[in-house]
Structure formats: C-alpha cells, structure tokens
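Geometric and topological summary
Chain by chain, the residues run as shown.
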Amino acid sequence: LLAKHQFEEAYGLINQAAGEKGKNNIISSPNTKSFVAFCQFRHILSKGGVSSEENVRAAKECLRRLASGSVTGGDSEVDSMIDAAKFMLSWPKNIVPVSRGTNSIP
C-alpha cells in the first residue's frame, strides 16, 4: 500500500490489525502509523512540496501524527520522526522520484 501511496488504506489496515489484536487474534504489522506518516510526508514533499493548501494540510497532519507517535510510542515511532527531520534537512535536494510498478519504497 505504501509503494502505491495508499496511505489512508495503510492507516486503516493498522487500525484493523490493532482491533484484532485486542480481540486476542494476534496480527502484527512491521509498519507503524508513524512510519506511514513519514512515508506520506516524504511523498508530499517529493511531489513538489507544500505549494497547495491541500498539501499544506496533509503535511501538517503527517507532522502531527509523527509528533504524537514519538511521544506516545516506542523507538520505531521516534525513528520515524527523526527520519522525517533528516528528510526535511536535505529537502528539496532529495526529491525522491516516484517509483512505477515496484513494491519498494524509494
């Protein structure tokens, strides 16, 4: 889902997995909401930045999710926040080309 930039679907899948885990049906995901927020934030900046109001709102929401995750989550959530900060430090020089037809995240 992340490679296809389907971020809302990824959040939904993580929420669903968390609900199932609460019902003692153990489902784990290597991706956290913070990691999804980082991927979404990176995608927003990579496709041209925050020039539109829609992109500004989406980027702010990603940063809010990253900040919240880094406060309430574990090491992986903090790592996602640090990765976002590192990405911003080198932006716009690090604009990631949009991958087509691959399952990897650039």
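Residues numbered from 1 in each chain as written. Predicted model: local features only at pLDDT ≥ 70, side-chain atom pairs only at ≥ 80, totals over all residues. Heavy atoms only, no water.

**Thoughts on the confidence of the model for the chain**
- Per-chain confidence: the chain averages 80 in pLDDT, with 76% of residues scoring 70 or above.
- Taken as a whole, residues 100-106 scores under 50 in pLDDT and shows 13 contacts with residues more than four places along the chain or in a different chain. (pLDDT = per-residue confidence, 0-100. Contact = heavy atoms within 4.5 Å.)

**Topic: the packing of helix H2 (residues 33-46) against helix H3 (residues 53-72)**
- Contact geometry of H2 with H3 gives a least axis separation of 9 Å together with a crossing angle of 150°. By the angle between their axes, H2 is roughly antiparallel relative to H3. Crossing geometry of H2 relative to H3 is assigned as left-handed. The residues of H3 that touch H2, namely those facing Ser 34, Ala 37, Phe 38, Gln 40, Phe 41 and Ile 44, are Asn 55, Ala 58, Ala 59, Cys 62, Leu 63, Arg 65, Leu 66 and Gly 69.
- Classifying every residue of the contact of H2 with H3 gives nine nonpolar, four polar and one charged. (Axes fitted to C-alpha atoms, helices over the stretch in contact; angles between N-to-C directions. Helix = DSSP H or I, 4+ residues; strand = E, 2+ residues; numbered from the N terminus. Parallel < 35°, antiparallel > 145°, perpendicular 65-115°, else oblique. Left-handed = near helix turned anticlockwise from the far one by under 90°. Nonpolar A, V, L, I, M, F, W, Y, C, P; charged D, E, K, R; others polar.)

**Topic: the nonpolar core**
- By size, the foremost hydrophobic cluster in this structure holds 17 residues, and its most contacted members are Leu 2, Phe 7, Val 36, Phe 38 and Phe 41.
- When residues of this core are traced back to their parent elements, those giving at least two are helix H1 (7-22), H2, H3 and helix H4 (75-90).
- At seven residues, the largest contribution of residues to this core is made by H2.
- In contact with Val 36, not counting residues within four places along its chain, are Leu 2, Phe 7, Ala 10, Tyr 11 and Ile 14. (Core = buried A, V, L, I, M, F, W, Y, C linked by side-chain atoms within 4.5 Å. Buried < 20%, exposed > 50% of the residue type's maximum accessible area, 1.4 Å probe, protein only.)

**Description of H2**
- For H2, which comprises 14 residues, the first-to-last C-alpha distance of 20 Å matches the rise-based estimate of 20 Å (1.5 Å per residue) to within 8%.
- H2 sits mainly inside the fold: 12 of its 14 residues count as buried.
- Along H2, the residues that are buried comprise Ser 34, Val 36, Ala 37, Phe 38, Cys 39, Gln 40, Phe 41, Arg 42, His 43, Ile 44, Leu 45 and Ser 46.
- One or two residues past the end of H2 sits Gly 48, with phi positive at roughly 130°. (Expected span 1.5 Å × (residues − 1).)

**As for the state of the cysteines**
- As enumerated under the stated definition, the model contains zero disulfides in all.
- Lacking any disulfide linkage, Cys 62 is separated from the closest cysteine sulfur, that of Cys 39, by 9.8 Å.
- In this structure Cys 62 comes out as buried when scored by relative accessible area, which is 1%. (Disulfide = S-S within 2.5 Å.)

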